[in-house]
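# Commentary on secondary and tertiary structure
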Amino acid sequence: MSKKNIWLVYFTNFIAYISLQVIIGQASIHFYRSTCFVYIGFFLCLPWYKTNLILQLLLGFFVGLIIDAFYDSLGIHAFAIVLLIYLRNLLLHLLPPIAVNDYEYAARPSLYSMGFKKFSIYVLFLTAMYHTTVFFLDAWGFMSFFTMLPQVFISIILSYFIICSFQILSAIVSNTSSIR
Amino acid sequence: MKKLFRFLYEYRNLFTFLVLESFGLSLVFNQNFHTRFKHFNSSNLLIGSVYEFFSNMGQYPHLKEVYRQILNENAYLKEQILQNRMQPDKNLDKLIENQFKFIPAQVINNSIIHTKNYLTLNKGAASGIIPGMGVITESGIVGSVKSVSEHFSTVISLLHTDVLVSAKLIPSNVMGTIRWSGCNPLQAQLLYIPRHLKVEVGDKVVTSGYDAIFYTGIPIGIVSHVELSKESLFYNILVDISTDFSTLQHVYVLVNSLKPEKESLECVTKSYYE
């Protein structure tokens with residue numbers, strides 16, 4: 001796969017995730033006031049090994065600010081996404097994705113390169129961290145931990161399932177068009 | 001010096017991380033940023049257009065419901081006109097009568113999940129909306145306008161923990177303050193009702209009209225829970241909010257033509273005594 005193609009894939013991924021996020025923000029799910037922030041799926045699947053972390057942090061910060069503008073919550077998502085990108089980098093050194101030839105690290109984490117178990121731990125841990133940060137910063141000083149537990153918990157599970165199904169979908173698409 | 005630079009370079013990722021995080025936290029907690037970045041919310045033209053696009057897509061299934069609502073409202077208004085014709089209120093000044101005007105608008109974004117919730121409307125400064133105006137529906141109050149752009153406006157919902165609305169109980173005419181507690185989007189608290197008064201479950205709560213945003217008598221909700229502990233000065237009252245925030249579609253923005261006059265008078269009086 002040429003370098004140009006990779007950027008195209010990232011770009012379409014980015015657009016897909018952000019528009020999915022906006023649609024979810026519109027479609028009101030009123031089950032325990034839960035919602036999900038699936039756009040973090042884009043940042044979860046960025047390349048990790050030998051890349052410029054500073055660039056990713058800056059990108060995350062600006063995308064976070066844009067999401068904040070959509071949700072009228074200045075700074076909350078920007079804070080949470082920068083934290084997520086930094087922790088992701090640390091976590092990936094503990095659970096490295098393996099490339100096809102079994103000797104090297106894969107360039108980017110995915111369901112395919114990590115396996116279901118590792119990928120689940122990776123995604124669940126980071127989504128849990130992200131959602132707790134967002135909901136706690138939002139409810140700063142107003143609510144106790146236990147009143148918002150169902151909201152946070154359901155949101156995490158929803159995000160996890162949507163991110164995993166997005167992965168499976170992209171694996172199917174890349175198999176058929178032989179981009180891997 | 002060289003060592004310092006090398007140190008900074010070695011830990012450049014960590015430092016970028018820390019700088020961005022502290023900037024993010026200061027954005028969240030410093031109110032100065034909120035005023036400085038006031039165009040950085042959903043009344044922004046770009047974000048408003050995106051919301052309007054998605055909102056228009058999701059509108060068609062609700063058209064029947066909206067049609068029914070408007071018919072009901074029409075009937076109610078006709079009834080009121082008839083009542084007014086039967087017993088016209090001659091004491092009312094012509095200007096006071098026309099004090100409030102309504103601007104109909106459509107909700108294009110709405111949330112109930114946060115502790116600070118906002119709505120976005122598809123009308124802005126071009127239709128005559130300015131920050132500070134009240135927003136209502138036919139069933140009750142919604143909130144007040146926070147910021148406007150040319151074609152969109154952001155509204156602070158009643159479901160926002162910083163919003164205080166002046167209210168009164170209907171049979172007893174007791175003044176109080178409505179505030180949302182941040183947990184249940186169906187209930188709000190009624191504060192500052194002193195303990196010597198009598199409050200019962202089922203009492204109506206309406207706006208008092210003292211804040212110059214709303215006129216008197218817009219429904220807010222119905223008292224659903226009254227509690228009086230032995231040592232507290234005030235009642236502990238929960239109110240079922242009459243507006244259903246999860247299905248909000250069409251709202252009216254209230255234009256109070258006498259608001260500047262009232263506020264300047266109050267300001268003059270206040271400065272005289274202080």
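The following paragraphs examine the structure supplied in this document. (Residues numbered from 1 in each chain as written. Chains lettered and ligands numbered in written order. Predicted model: local features only at pLDDT ≥ 70, side-chain atom pairs only at ≥ 80, totals over all residues. Heavy atoms only, no water.)

## Quick look at the overall build of chain A
Filter applied, for reference: Only runs of H or I of at least four residues qualify as helices and only runs of E of at least two qualify as strands under DSSP, and these elements are numbered from the N terminus. Here, residues are in contact when the closest pair of their heavy atoms is within 4.5 Å. Methods summary: accessible areas were calculated by the Shrake-Rupley approach with a probe of 1.4 Å, and residue burial reflects only the protein chains presented.
For chain A, the count of helices and strands is 7 helices and 0 strands. Its helices and strands taken in sequence order, chain A reads α-α-α-α-α-α-α from the N to the C terminus. When contacts within chain A are restricted to residue pairs at least 6 apart in sequence, long-range pairs at least 24 apart make up 70% of them. In the structure as shown, chain A presents an accessible area of about 8800 Å², 73% of it carried by carbon and sulfur atoms.

## Describing the side chain of Glu73 of chain B
Residue and element names in this part refer to chain B. Basically, it comes down to this: Relative accessibility thresholds used throughout: buried, under 20% of the residue-type maximum; exposed, over 50%; partly exposed, between the two (1.4 Å probe, protein chains only). In summary, the charge assignment counts Lys and Arg as positive and Asp and Glu as negative, without counting His or the chain termini. Take a side-chain nitrogen of Lys or Arg and a carboxyl oxygen of Asp or Glu: if they are within 4 Å of each other, that pair is a salt bridge. What qualifies as a polar contact is a pair of N or O atoms within 3.5 Å, subject to a donor-acceptor requirement within protein and to the restriction that residues adjacent in sequence count only when both atoms come from side chains.
With respect to the helices and strands, Glu73 occurs in helix α5 (residues 63–86). Nearest to the buried, unbridged Glu73 among oppositely charged side chains is Arg68, at 11 Å. Among the polar contacts made by the side chain of Glu73, one reaches the side chain of Tyr252 at a distance of 2.9 Å. Ignoring sequence-local partners within four residues, the contact set of Glu73 consists of Glu138 and Tyr252.

## Section: the interface of chain B and chain A
By a widespread convention, an interface's size corresponds to the accessible area lost as its parts come together. We count it as follows: Summed over both partners, the accessible surface that disappears when two parts come together, traced with a 1.4 Å probe, is what is meant by buried area. Residues are sorted three ways: Asp, Glu, Lys and Arg are charged, Ala, Val, Leu, Ile, Met, Phe, Trp, Tyr, Cys and Pro are nonpolar, and all the rest, Gly among them, are polar.
Tallying the contact residues gives 42 residues for chain B and 34 residues for chain A. A combined buried area of about 3600 Å² lies between chain B and chain A, and 70% of that area is made up of carbon and sulfur atoms. When the area that chain B buries against chain A is broken down by residue, the three leading residues are Leu20, Ile113 and His114 of chain B, summing to 18%. Here chain B and chain A share 0 salt bridges between them. The interface formed by chain B and chain A includes 4 residue pairs in polar contact (both at pLDDT 80 or more). Put simply, the parts of the chain that give the side of chain B that touches chain A at least two residues each are α2 (12–29), α3 (31–36), α4 (45–57), β1 (100–110) and β2 (116–121) of chain B. The leading source of residues in the side of chain B that touches chain A is α2 of chain B, at 13 residues. Considering only residue class, the side of chain B that touches chain A consists of 22 nonpolar, 15 polar and 5 charged.

## Description of the sheet that holds strand β7 (residues 175–179) of chain B
Within a sheet, neighbouring strands are paired by backbone hydrogen bonds and run either parallel or antiparallel to one another. All names here are of chain B. Let me state the cut-off plainly: Note: two strands are recorded as paired if DSSP finds a minimum of 2 bridges between them. All axes here are fitted lines through C-alpha atoms, helices being fitted over the stretch that makes contact, and every angle between N-to-C directions spans 0 to 180 degrees.
On the basis of which strands lie adjacent, the closed barrel formed by 6 strands has the order β6-β7-β8-β11-β10-β9 and antiparallel pairing. For this sheet, the mean angle separating the axes of adjacent strands, direction not counted, is 40°. Sheet topology note: the strand β6 (residues 165–169)/β7 ladder contains 4 bridges and is antiparallel. If you follow Val165 over to β7, its bridge partner there is Ile178.

## Structural notes on the sheet that holds strand β5 (residues 153–160) of chain B
All names here are of chain B. Strand order in the closed barrel formed by 6 strands is β1-β2-β5-β4-β3-β12, and the pairing between neighbours is antiparallel. If you compare each strand with its neighbour and ignore which way they point, the axes differ by 45° on average. Contacts from α4 reach β1 and β2 within the one sheet, and its direction differs from that of β1 by about 80°.

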